[in-house]
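# Structure at a glance
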Amino acid sequence: MSENKATVTAADRPILRNKMYLYLTEFFAGMSVMAVELGASRLLAPYFSSSQIVWTIIIGTIMIAMALGNIYGGRKVDKNPNPDRLYGRIIFAAIWIALIPVVGRYIILGISALLVFTINTNFLVIAAFAACMIIFVFPLFLLGTVTPSLVKYTVDSLDDSGKIVGNLNASNTIGSIIGTFVPTFISIPAVGTSITFLIFAGILLILAVVYFISSKTFVKKVPIAMVLFILCCIFGRGNSFAFWQKHLTAEDESIYNYLQVSENDKEMILSTNVLFGVQSVYRKERELTGMYYDYAMAAPYMAGIYEKERPLDVLILGMGTGTYATQCSRYFGEMYIEGVEIDQKITDLAHEYFELPESVPVATYDGRAYLNALSSDHWKKEGAFGTEDGKYDVIMVDAYQDITIPFQMSTKEFFTLVKDHLRADGVMVVNMNMRGIDTSGEEKEAKITDYLADTIAAVFPEVATVDVANATNRELFAGETGMLERFRKNRNEERDEDLALMMSKVDAGLTVYSAGDHVMTDDKAPVELLGMQVIDEIIRDEVAYYKRIYEEKGWEGLMDAL
């Protein structure tokens, strides 16, 4: 006789009588939820950034899914305590998660393409939220049904209910801890985001398959699920984030970033985001390009490069691929330059593809933490880098993680720390890559560049800015009084005609900054929201042309234009 599924309980399944398998189910469910959450951040980051805003969306949608799953699972298990249903849901969750590397990128790009033509503000928020809802809510909703179901199966009486529920929660928490550390420090850096999804989907699938085999209820869904998982492993591994781009020079993932190197006849380009902007550009012809790092070369003049009897000491916070260091070495000759770059893989790419000299030391460190370390007696005694007195003539701040500014490097406290490590006539230069291009002529609310400049002006007595032509960059220079006088005096000593012409262009655009009161501190620095506003403006500018084609000629005309 066949078993009446309506009356099946955990007691009818030998594998569940010991309760250990139930604890293992809770453990692996908790581990998989956290692994999927971290995988979600890495899947979304190359398209929408890894800012606090995107993390908030990920956490919020996942919590919604888990809450709904808890409610649904509790009601269903009270009506029908058959554990086959729970492990069937785990199979569905496993296959859905395994499908994410196969179709997730296409869904994200499709959502982005649709929304970019239909909304004008908050693109990142809306697109990231829509992607999370479509890709991640359902499998995590299913995993959310695990805990209430397991409580039903494990609690035999009220006498030990507290102990058993506590053990279940502990199993879930321990699994969540492991699911937090393994993707971040092991699987994603070692094998990538796609295979990480497949690994944890495989764990869930094995968990459910073992249950059904031991219960001798090897239902049709099990072999179908195994075949689907194998297909996902074949087609989902190694799928490029920028799948529409051909002939990429390099593509990789690190603990901090998605990394993409592309090149053409003239340039090598590093990007950590596939939809917006680039992080570093290196011109192969080894000459001035008119890009932001050429403008930033005004800083050595402001520090009195031709007045000093010694080479300048230069520190670059946010070394990236080292273009600024390469340009300074090329045009100013003897100069001590050191860099700080939090991502070792970016430094490796800089040496491999961007001709960063091995003689330029690069510390794998957070920029602010590096400055703090320079102040310590231990670092002065043991540190491999740094000047003897821990001070510099020029400090370049060019710290961006994908398209966002780390908040800890945008506050009054941080810029005070920078000032403490400048010599008396030293200069700080900050690359602000989010000024936008306002062509309306109308007065608008303060942008992120205004907040940064006001914050810096609260620390330095003299601040000047210059906009980079045909770009969204704005270079800011800050130092003690007399900085601009030294700049003009020293640039007149320049004998390289191209560099002298470049400095004339910078001089013509230099504007003494009139400070406002938008000062950011460690306690309050809304850089993500401010940056998002500029990104919205950039998106509107870039898609305006295609929107007009769509309005005039429809989808067919748009496809022809693309």
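Residues numbered from 1 in each chain as written. Predicted model: local features only at pLDDT ≥ 70, side-chain atom pairs only at ≥ 80, totals over all residues. Heavy atoms only, no water.

### Description of the environment of Cys328
As a reminder, the rule being used: Helical segments are the DSSP runs of H or I of at least four residues, strand segments are the runs of E of at least two, and each set is numbered from the N terminus. In this description, contact between two residues means that some pair of their heavy atoms is separated by no more than 4.5 Å.
Along the chain, Cys328 falls in helix H13 (residues 323–332). With 31 residues separating them along the chain, Cys328 and Met297 place their C-alpha atoms 6.8 Å apart. Leaving out residues up to four positions away in the same chain, Cys328 has contacts with Met297, Gly333, Met335 and Ile337.

### Comments concerning the side chain of Asp393
What counts, and what does not: Polar contact criterion, stated in full: a pair of N or O atoms within 3.5 Å, where within protein one must be able to donate a hydrogen and the other to accept it, and residues adjacent in sequence count only if both atoms are side-chain atoms.
Its place among the elements puts Asp393 in strand E8 (residues 392–397). Engagement of the side chain of Asp393 in a polar contact is seen with the backbone nitrogen of Asp313, the distance being 2.8 Å. Reaching out from Asp393, the side chain makes a polar contact with the side chain of Arg423 at a distance of 3.2 Å. The contacts of Asp393, once residues within four sequence positions are left out, are Ala303, Lys308, Arg310, Pro311, Leu312, Asp313, Leu422, Arg423, Gly426 and Val427.

### Overview of the side chain of Ser410
When you line up the elements, Ser410 lands in the loop between E8 and helix H17 (412–420). Of note is the side chain of Ser410, whose polar atom sits 2.7 Å from the backbone oxygen of Phe407. Non-local contacts of Ser410, meaning those with residues more than four positions away in its chain, are made with Ile405, Phe415, Leu452, Thr455, Met520, Ala525 and Val527.

### Focus: the pairing of strand E3 (residues 267–271)
Sheet faces and side chains relate simply in a regular strand, where the side chains alternate between the two faces. What counts, and what does not: Buried, partly exposed and exposed residues are distinguished by accessible area as a fraction of the type maximum, computed with a 1.4 Å probe on protein chains only: under 20%, between the cut-offs, and over 50%, respectively. Strands were regarded as paired on the criterion that DSSP finds at least two bridges between them.
Within E3, five of the five residues are buried, which leaves the element mostly enclosed by the surrounding structure. Here E3 shows two buried faces, one formed by Glu267, Ile269 and Ser271 and the other by Met268 and Leu270. Relative to E3, strand E2 (residues 258–263) runs antiparallel, the two being bridged by four bridges. Following the sheet pairing, Glu263 is matched in E3 by Met268.

### What to know about the packing of helix H15 (residues 367–374) against H17
Operational definition: A fitted line through C-alpha atoms represents every axis, and for helices the fit uses only the stretch in contact; the resulting angles, taken between N-to-C directions, go from 0 to 180 degrees. Here the angle decides the label: under 35 degrees means roughly parallel, over 145 means roughly antiparallel, 65 to 115 means roughly perpendicular, and every other value means oblique. Crossing chirality is assigned from the near helix's rotation relative to the far helix, an anticlockwise turn below a right angle marking it left-handed and a clockwise turn marking it right-handed.
Interaxial distance between H15 and H17 falls to 10 Å at its minimum, and their mutual angle equals 45°. Classified by the interaxial angle, the pair formed by H15 and H17 is oblique. Between H15 and H17 lies a crossing of left-handed hand. Of H17, the residues touching H15 (which contributes Arg368, Leu371 and Asn372) are Glu413, Phe414, Leu417 and Val418.

### Description of the sheet that holds strand E9 (residues 422–432)
Pairing in this open sheet of eight strands is mixed, and the strands run E7-E6-E5-E8-E9-E11-E10-E12 from one edge to the other. Here the strands that pair on one side only, and so sit at the sheet edges, are strand E7 (362–363) and strand E12 (511–512). For strand E5 (residues 313–317) and E8, the ladder comprises four bridges, and the chain directions are parallel. Among the inter-strand pairings, Leu315 is bridged to a residue of E8, identified as Ile395. Strands in contact with H13 are E5, strand E6 (336–340), E8 and E9; relative to E6, the strand with the most contacts, it is inclined by about 175°.

### Let's talk about the nonpolar core
Basically, it comes down to this: We call a set of buried residues a nonpolar core when its members are Ala, Val, Leu, Ile, Met, Phe, Trp, Tyr or Cys and they connect through side-chain atoms within 4.5 Å of each other.
Ranked by internal contacts, the top residues of the largest apolar core, which has 73 residues, are Phe48, Tyr87, Phe136 and Leu140. With 15 residues, the single largest contributor to this core is helix H4 (residues 83–116). Beyond its immediate sequence surroundings of up to four residues, Leu140 is in contact with Val33, Val36, Ile62, Ala65 and Met66. Listed in part, the 44 residues of the second largest apolar core include Tyr293, Met297, Met319 and Ala471.

### Here's the deal with the pattern of salt bridges
For the record, the criterion: The working definition used for a salt bridge is a side-chain nitrogen of Lys or Arg within 4 Å of a carboxyl oxygen of Asp or Glu.
Per the stated rule, a full pass over the model turns up 17 salt bridges. The salt bridge involving Asp252 is made with Lys345; its shortest N-O contact spans 3.3 Å. Placement of Asp252 in strand E1 (residues 250–253) and of Lys345 in helix H14 (residues 344–353) is noted, with a sequence separation of 93 residues between them. With relative accessibility at 36%, the residue Asp252 sits in the partly exposed group.

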